[in-house]
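Topology and contacts: notes
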Amino acid sequence: MYPRTAALLHRHEEDRCDEPPGPAGLSGRSGPAGRGGRAGRPGSGGAALRLPRPHRPSSAAPALLYGERYLRNPAESYERMRRDHGQVAPVLLESDVPAWLVLGYREIRQVVMDVQTYGRDSRRWNRWDEVPSDWPLMPWVAHSPMIHFTEGDEHRRRSAAVSDALASVDPFELRRHCERFADSLIDKFVGNGKADLVFDYVYSVPALAMGQMFGLPEDQLEYMAEAVTVSLLSNNEAMAAQQRAAEVVRRLVAAKREEPGPDVTSRFIQNSPDLTDEQLVGDLMVMIAAGMPATSYWIGNTVRLMLTDDRFTMTLAGNRRSIGAAMNEVLWADSPLQNVIGRFATRDTTLGGQRIRAGDLLVLGLAAANADPLLWPDTGAGYAGNNAYVSFTGGDYGCPAGAPDLGKIISETAIEVLLDRVPDLELAVEPDELQWMDSLWYRCLVSLPVTFTPAPAAG
């Protein structure tokens, strides 16, 4: 349904450079300054862990958290960083901007639970003078009225309003809508015997579901999905894309003030009488930007796993229990949300054997933490029944109450309907030919071509 969004991702994958410039050390920049010059300073349960050995700070160069080598195999990159630096590694973000990547499960939990030492207000960052004004990560790092930059009582108050608004979604109604959306989308390609599920399905089901939940006009869904997706890419179109998405939400807020409806947006406005329109737009942007891409990528990564892993390919037809197991494994081993920026140290401290200075940026390596070898001393252990992953982060800034459950309903329904309608799906290319989107935040496929036996449309 949304070919422009997927086509844009594919174009970006073809256009990006194969290799970034090499690092010059944590405090240095080896590459040229950004084209726009400097930015200036802008206004579930725990798991058993073995105690790590103390790690001495390494003299190894900071690792690159971008570029072809990282994107090709993030898990391998995380292993190398852990070997070279321990559970907290010095890294270089796009444009060789220095930061810390938190790789350890214990360390992630420590950071997200200690809001006194690790805050969310990005104005604390001590590296703003090294950030180009056209930095691709700027849209979601530069301080703004969005909820994820708030702290203390204000954050708790706004977070409660978000959770209450999401609680207004009827899960049974949501599942019914998702089944209808999925059937309608499948009808458009089921007679062809082939499809690209990223182009034809993976983005569309969550976009339609989110549109229903938030009261977005259907003629704005493709535009919104494209803008949100591009805002999370590692390219110079990200800032403009975020601004396009914000304009859609501004119009939505104005419309729902005039004519409230049975949707999350109206409920959130009613629950937040003290927020300005700018704050309402910011908080709704966070909800939509967190939910729409992550749910799409959860679907795509799970279908890829089921098509390429023998444990799941044997049970594609008729075994719905395998869908839940595959979805759970993806959250552990191929998390849609890979990294989160982040936290900013409020004072000098020590974490994972590294000395953290006040104002340092810490990137939460969620995918790396899920794969922490200290968490998995038995390498043969499976993921069944274990939901202690940090894929939804945690603490005061974790996913709002109820949000993961809504995402699971959308993802699970989309996969169930797809496999019910097209039970003989097969990957149309070799697994290692699949390409991944260039994004620090998310891990998702650029395309997912499949073949199957043509069938008549259900409608």
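A brief look at the structure comes next. (Residues numbered from 1 in each chain as written. Predicted model: local features only at pLDDT ≥ 70, side-chain atom pairs only at ≥ 80, totals over all residues. Heavy atoms only, no water.)

Most of strand β9 (residues 361-365) sits inside the fold, with 5 of its 5 residues counted as buried. Residues Leu361, Val363 and Gly365 of β9 are buried on one face, and the alternating residues Leu362 and Leu364, pointing to the opposite face, are buried as well. Relative to β9, strand β3 (residues 97-102) runs parallel, the two being bridged by 3 bridges. Residue pairing across strands places Val102 opposite Leu364, the latter belonging to β9. (Buried < 20%, exposed > 50% of the residue type's maximum accessible area, 1.4 Å probe, protein only. Helix = DSSP H or I, 4+ residues; strand = E, 2+ residues; numbered from the N terminus. Pairing = 2+ DSSP bridges.)

Turning next to the environment of Lys408. Considering the arrangement of structural elements, one finds Lys408 in helix α16 (residues 403-421). For Lys408, a relative accessible area of 40% gives the class partly exposed. It is 10.0 Å that separates the C-alpha atoms of Lys408 and Asn328, two residues lying 80 residues apart in sequence. When neighbours within four sequence positions are excluded, Lys408 is seen to be in contact with Trp298, Met327 and Thr413. (Contact = heavy atoms within 4.5 Å.)

Attention now goes to the packing of helix α6 (residues 171-187) against helix α8 (residues 204-214). Between α6 and α8, whose axes approach to 9 Å, the crossing angle comes to 140 degrees. In terms of orientation, α6 lies oblique with respect to α8. The handedness of the crossing between α6 and α8 comes out as right-handed. For the pair α6 and α8, the contacting residues are Leu174, His177, Cys178, Arg180, Phe181, Ala182 and Leu185 in the first and Ser204, Val205, Leu208, Ala209, Gln212 and Met213 in the second. Of the residues in the contact of α6 with α8, the class split is 9 nonpolar, 3 polar and 1 charged. (Axes fitted to C-alpha atoms, helices over the stretch in contact; angles between N-to-C directions. Parallel < 35°, antiparallel > 145°, perpendicular 65-115°, else oblique. Left-handed = near helix turned anticlockwise from the far one by under 90°. Nonpolar A, V, L, I, M, F, W, Y, C, P; charged D, E, K, R; others polar.)

Here we come to the pattern of salt bridges. Here the structure, examined in full by the defined rule, presents 24 salt bridges. Among the salt bridges present, the one from Arg257 reaches Asp277, with a minimum N-O distance of 2.7 Å. Placement of the pair is Arg257 in helix α10 (residues 238-258) and Asp277 in helix α12 (residues 277-308), with a sequence separation of 20 residues. When its relative accessible area of 41% is taken as the criterion, Asp277 is described as partly exposed. Here Arg311 makes a salt bridge to Asp309, at a shortest N to O gap of 2.7 Å. Among the ionic contacts, a cluster of salt bridges with common partners joins Glu154, Arg158 and Asp283. (Salt bridge = Lys/Arg side-chain N within 4 Å of Asp/Glu carboxyl O.)

Our next topic: the environment of Asp196. By secondary structure assignment, the location of Asp196 is in strand β5 (residues 194-196). Overall, the relative accessible area of 16% leaves Asp196 in the buried class. Along the primary structure Asp196 and Val450 are separated by 254 residues, whereas in three dimensions their C-alpha atoms are 6.1 Å apart. Beyond its immediate stretch of four places on either side in the chain, Asp196 contacts Ser447, Leu448 and Pro449.

Another aspect to go through is unusual backbone geometry. Here the residue pair Ile341 and Gly342 is connected by a cis peptide bond, since its omega of -10 degrees sits within 30 degrees of zero. For Gly342, the location among the structural elements is in strand β6 (residues 339-345). Phi is positive for Thr393, which is not a glycine, with a value near 55 degrees. Mapped onto the fold, Thr393 is located in the loop between α15 (366-370) and α16. Residue classification places Thr393 among the buried residues on the basis of a relative accessible area of 16%.

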